[in-house]
Amino acid sequence: MQLETGKSKNGLVGTFRSIIREEGFGRLYRGLVPPLLLEAPKRATKFAANDFWGKKYLKLTGQSKMDQKLAILTGSSAGATESFVVVPFELVKIKLQDKSSTFAGPMDVLKQIIKKDGLLGLYVGMESTFWRHLWWNAGYFGCIFKVRELLPKPETKKARLLNDLMAGSVGGFVGTAVNTPFDVVKSRIQGATKAPGVVPKYNWTYPALVTIFREEGPTALYKGFLPKVLRLAPGGGVLLLVVEFTLGVFRKALGPPYI
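Computed from a prediction, not measured in an experiment: that's the story for all the values here.

K.L.:
Requested: an account of helix 3 (residues 68-97), with residues and values cited.
P.N.:
Over its 30 residues, helix 3 runs only 38 Å from end to end, short of the ideal 44 Å by more than 12%, given 1.5 Å per residue. Of all the bends in helix 3, the greatest reaches close to 50° and is centred on Val-86; the proline Pro-88 follows between one and four positions later. With 21 of its 30 residues buried, helix 3 lies for the most part within the structure. One side-chain oxygen at the N-terminal end of helix 3 lies 3.3 Å from the backbone nitrogen of Lys-69; it belongs to Asp-67.

Structural data, given as structure tokens:
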């Protein structure tokens, strides 16, 4: 949906039907391998970077505990860090999911990109991916902090996990709402076919946002929002739940000074 220029012809259901009718059911899973391989290092980097930057900013500001502004700043920094891990995987996924793609699979994409553009070719769209992850994580971790603050203080382990599920889900929704325009731009930049001597239409993030807004209208910046938010809102809640539960197990097993 995000690679489609102009006014969208189909909604979510229509897009499913169109893909299955024209390209077969298997096409729905085109580009599945890169996200699967990326998931573990991506999530680990996200939360490890958030923890690292949180401690750094607390030390730099002299504050004893996190507040809303620091939560947003920490999340932004974690997203920026995460983007460096994500780019090659996202590039391969986009190349495979493009309707005009003729690649045989992920390894074929890698071989052809490296052969044509070298190793740095795997980082096409780095700038747009940077902004996409910066804004998603800013919204996600900023909302987690605020929602936890607004919810009743948990008295039990079950209540704490429920709070985390709610906070993560709200964070996932807000993060997706904030970053979808940047995701659209990233997909356009990474999905473009380079022609010698021709300046790409979509090259840098913020000028591309203006171009899409001017030529296709504001709704074009939110193409693919529904499937993204259906995945990332509850996913953000489950992710936070799993991370906090896992950290709790480790802290309990390791004992002081990790508790």
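Next, the rest of the story.
K.L.:
Lay out the packing of aromatic side chains in plain terms, naming residues and giving numbers.
P.N.:
Applying the stated criterion across every chain, the model contains eleven aromatic pairs. Ring centres 5.8 Å apart and planes at 25° place the aromatic pair Trp-53 and Tyr-57 in the stacked group. Of this pair, Trp-53 and Tyr-57 both sit in helix 2 (residues 33-61), four residues apart, which is roughly one turn of that helix. Assessed through its relative accessible area of 26%, Trp-53 is described here as partly exposed. Looking at Tyr-57, the relative accessible area reads 15%, which means it is buried. Their ring planes at 75° and their centres at 5.8 Å tell us that Tyr-222 and Phe-225 sit as a pair that is edge-to-face. Residue Tyr-222 is classed as partly exposed on the basis of its relative accessible area, which comes to 36%. Feature note: the residues Phe-130, Trp-131, Trp-135, Phe-182 and Tyr-206 constitute an aromatic cluster, connected by ring pairs.

K.L.:
Run through the side chain of Lys-95, naming residues and quoting values.
P.N.:
With respect to the helices and strands, Lys-95 occurs in helix 3. A distance of 3.1 Å separates the side chain of Lys-95 from the backbone oxygen of Gln-190, its partner in a polar contact. With residues near it in sequence (within four places) discarded, Lys-95 still touches Ser-101, Phe-103, Val-109, Gln-190, Gly-191 and Ala-192.

What counts, and where the lines are drawn
Residues numbered from 1 in each chain as written. Predicted model: local features only at pLDDT ≥ 70, side-chain atom pairs only at ≥ 80, totals over all residues. Heavy atoms only, no water. Helix = DSSP H or I, 4+ residues; strand = E, 2+ residues; numbered from the N terminus. Expected span 1.5 Å × (residues − 1). Bend = angle between axes of the 7 residues up to and from the residue. Buried < 20%, exposed > 50% of the residue type's maximum accessible area, 1.4 Å probe, protein only. Polar contact = N/O pair within 3.5 Å; in protein donor to acceptor, adjacent residues only side chain to side chain. Phe/Tyr/Trp six-rings, centres within 6.5 Å; stacked < 30°, edge-to-face > 60°. Contact = heavy atoms within 4.5 Å.

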